[in-house]
Amino acid sequence: MPGADLPVIVVGGGMTGLSAAWELQQQGVPYVLLEAGDYLGGKVHSELTEDGFLIERAADAFINGKPHALQLAREVGLEAEEIHPRTESRRLYFLRGRRLLDFPPNLKMFVPMDDESFRQSGILSPAGTERFLQEVNVPPKPDDGQDESLAGFMRRRFGEEALDFIVPMAAGIYVANPEELSMQASFPQFLAMERRYGSLIAGSRATPRATGPIFTSFRGGMRALPDAVAARLTGDVRLNTPVSRVLDGGVRLGSGEELRGRAVISAVPAWYAAPMFNGSFPDAARRMAQFRANSSAAVTFAYRADQVDFDLNTHGLLVAPSEGLPMTAITVHSSKLAGRAPEGHVLMRVFFKATEPGVARKLAQLYLHEFLNVQGEPLHYHYGDWRGKNPAYELGHLGRVAGMQASLPATVRAVGCSFTGVGVPDCVNAGRTAAREVLAAL
Ligand SMILES: Cc1cc2nc3c(=O)[nH]c(=O)nc-3n(C[C@H](O)[C@H](O)[C@H](O)COP(=O)(O)OP(=O)(O)OC[C@H]3O[C@@H](n4cnc5c(N)ncnc54)[C@H](O)[C@@H]3O)c2cc1C
């Protein structure tokens, strides 16, 4: 058993690893944070161009309903920097049948709070709409402990056509195949609601709406969060320090040097973790290799406002899967969040499923022209390459996570976006929980 004076080693300086290090520091425990890259934050990273566009590499905001990210932001003094999606530019479109439809008003996530406005929206066919609203009469499935896919669950409750509307709203952050996405791992709240109220419509209408803003970001972009945590870390934080192996009682660095630790928290996605654990923990490594990933691309364009002949009082559009397009959404980022583009300019993001860089640019420009009347060449273009970097929470995911954790000693944890939630709040929670768990085990 390594000595009590040794630090806890945290591998990976994304939001999960930063949160683990922060929690260790709060508990007064020495730690070493090892990050392969030359900055902290991982996927949470923003760049300010010289002419004033704020480009997010991945996440642009986080949900407040899971309080962990907001709580961390407050702990590191970011309250005055918090901003929220603009409510005066709330219009959101839905692309279906190659037409831009207005989103139904009065939704709680995708659940209509009244039948009439949903009917009038015309978002689904008349038959599809009535089947959707019949969800209140669909009996709940007995709780047999079996996992169900997002598509299976929603089809059962709301009908086949409803998938077109629900999948882009619910599954966006998972970049997932809805036929494979695990309900137990991704949407346990809907399973609980079905069990408790017998229906998602009934349950959503019976529970009060959350008050206050739904999402939070920061004036200086999402990187304000990792930057603020990093600025307050007083422990041993090393950039450009890849770990090649997790050992029993420490790690081996890419340089060959070995560091001893009383516990190790791996806070890297499964595809980086599997080779690191192979050697000392082959069973865990084999289990990690079973977690698959999906591909996506986030493509950002900056324009002068006069290049866009469209009412910019919109957050953008979501694309119905039945459109058969590789694009999943367009965000008018500068309408959604303040301070993302200089006056008289527009910043837009186009999201794709797996798409190669060259194709993504051409296609995105085509779609921006077709659907939002964007003309000419952009002032800036940025390709966010997320090929093979979106954790796939496939059926049986929770069982695989439990099996992987059980194959490791209690002083070695593997956590982060591949395992217990992809959103920033889930990653913050995973990091902090892992820190508390290894301390309890020590
Ligand atoms: C396009 C896109 C948009 C998104 N939008 C949102 C959003 O709007 N809201 C939201 O809440 N979430 C969003 N997410 C999800 C969220 O950003 C991520 O799931 C989360 O930031 C992942 O954090 P992490 O620390 O677990 O992993 P990562 O951010 O991947 O961090 C892992 C870190 O480990 C380092 N590392 C890897 N291997 C090693 C090694 N061998 N040694 C040392 N270090 C290593 C990496 O360099 C990296 O810094 C989005 C994700 C994507 C891809």
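Residues numbered from 1 in each chain as written. Predicted model: local features only at pLDDT ≥ 70, side-chain atom pairs only at ≥ 80, totals over all residues. Heavy atoms only, no water.

As a further point, take the sheet that holds strand 20 (residues 345-353). In spatial order, the strands read 8-7-18-19-20-17-21; together these seven strands make up an open sheet with mixed pairing. If you trace the sheet from one side to the other, it starts and ends with strand 8 (99-102) and strand 21 (380-391), each paired once. Looking at each pair of strands side by side, their axes are set apart by 20° on average, direction ignored. As judged from the five bridges shared by strand 7 (residues 91-96) and strand 18 (residues 314-319), these two strands associate in the parallel manner. Counterpart to Tyr93 in the pairing with strand 18 is Leu317. The sheet strands contacting helix 6 (residues 163-171) are strand 7 and strand 18, and the helix crosses strand 7 at an angle near 130°. (Pairing = 2+ DSSP bridges. Helix = DSSP H or I, 4+ residues; strand = E, 2+ residues; numbered from the N terminus. Axes fitted to C-alpha atoms, helices over the stretch in contact; angles between N-to-C directions. Contact = heavy atoms within 4.5 Å.)

Moving on, we get to the pattern of salt bridges. For the structure shown, the criterion picks out 36 salt bridges. With a shortest N-O distance of 2.9 Å, Arg91 and Asp102 are connected by a salt bridge. Taken as a pair, Arg91 in strand 7 and Asp102 in strand 8 lie far apart in primary sequence, eleven residues in all. The residue Arg387 makes a salt bridge to Asp385 at a minimum N-O spacing of 2.6 Å. (Salt bridge = Lys/Arg side-chain N within 4 Å of Asp/Glu carboxyl O.)

Moving on: the domain arrangement of the protein. Frequently, the measure chosen for interface size is the accessible area that the parts lose on association. Assigned domains of the protein: these are domain 1 (8-44 + 221-292 + 393-441), domain 2 (104-206) and domain 3 (293-391). Taken over C-alpha atoms, the centre of domain 2 sits 27 Å from the centre of domain 3. At the interface, nine residues of domain 2 touch ten residues of domain 3. Buried surface at the junction of domain 2 and domain 3, summed over both partners, amounts to about 610 Å²; 59% is from carbon and sulfur atoms. Across the contact surface, domain 2 and domain 3 share zero salt bridges. Along the contact surface separating domain 2 from domain 3 lie two residue pairs in polar contact (both at pLDDT 80 or more). (Domains from an automatic or database assignment. Buried area = accessible area lost by both parts, 1.4 Å probe. Polar contact = N/O pair within 3.5 Å; in protein donor to acceptor, adjacent residues only side chain to side chain.)

This next bit is on helix 14 (residues 357-372). Under the 1.5 Å per step criterion, the end-to-end length of helix 14 is 22 Å for 16 residues, consistent within 8% with the ideal 22 Å. Every buried residue belonging to helix 14 is among Ala360, Ala364, Gln365, Tyr367, Leu368, Phe371 and Leu372, and all of these are buried. Within helix 14, the buried residues cover an arc of 165° as seen down the axis, which keeps them to one side. Pointing more than 90 degrees away from the buried face of helix 14 are the exposed residues Lys362 and Leu366. (Expected span 1.5 Å × (residues − 1). Buried < 20%, exposed > 50% of the residue type's maximum accessible area, 1.4 Å probe, protein only. Arc of directions from axis to C-beta.)

A word on the pairing of strand 17 (residues 293-304). Most of strand 17 is tucked away, with nine of its twelve residues classed as buried. Strand direction decides the pairing type here: strand 17 and strand 21, joined by nine bridges, are antiparallel. Across the sheet, the residue bridging to Ala302 is His380, located in strand 21. With nine bridges connecting them, strand 17 and strand 20 associate as antiparallel partners. Counted as the bridge partner of Ala297 is Phe352 from strand 20.

The next subject is the pairing of strand 7. As judged from the four bridges shared by strand 7 and strand 8, these two strands associate in the antiparallel manner. When the bridges of strand 8 are listed, Tyr93 appears paired with Asp102. As consecutive antiparallel partners, strand 7 and strand 8 are separated by two residues, and within that stretch Gly97 has a phi angle of approximately 65°, a positive value.

Looking now at a nonpolar patch on the surface. Taken together, the side chains of Ile63, Ile214 and Phe215 present a nonpolar region at the surface, about 260 Å² in accessible area. Within the secondary structure, Ile214 is located in the loop between helix 9 (200-206) and strand 11 (215-218). For Ile214, a relative accessible area of 48% corresponds to the partly exposed category. (Patch = residues over 30% accessible without salt bridge, like charges linked within 9 Å, V, L, I, M, F, W, Y side chains within 5 Å. Areas by Shrake-Rupley, 256 points an atom, 1.4 Å probe, with all protein chains shown as cover.)

For the rest of this paragraph, the subject is helix 5 (residues 150-158). Listed as buried for helix 5 are Leu150, Ala151, Phe153, Met154, Arg157 and Phe158. For helix 5, the angular spread of the buried residues around the axis is 165°, confining them to a single face. Lining the buried residues of helix 5 we find helix 4 (126-133), helix 6, helix 7 (183-186), helix 8 (188-197) and helix 9. Looking at the residues trailing helix 5, positive phi occurs at Gly159, about 95°.

Before going further, it helps to examine the sheet that holds strand 14 (residues 250-253). The three strands are arranged 13-14-15 in an open sheet whose pairing can be described as antiparallel. For this open sheet the edge positions go to strand 13 (243-247) and strand 15 (258-260), each flanked by a neighbour on one side alone. Taken over all neighbouring pairs, the strand axes of this sheet differ in orientation by 20° on average, direction set aside. One ladder, built from three bridges, connects strand 14 with strand 15; its direction is antiparallel. Within strand 15, the residue paired with Arg252 across the bridge is Glu258.

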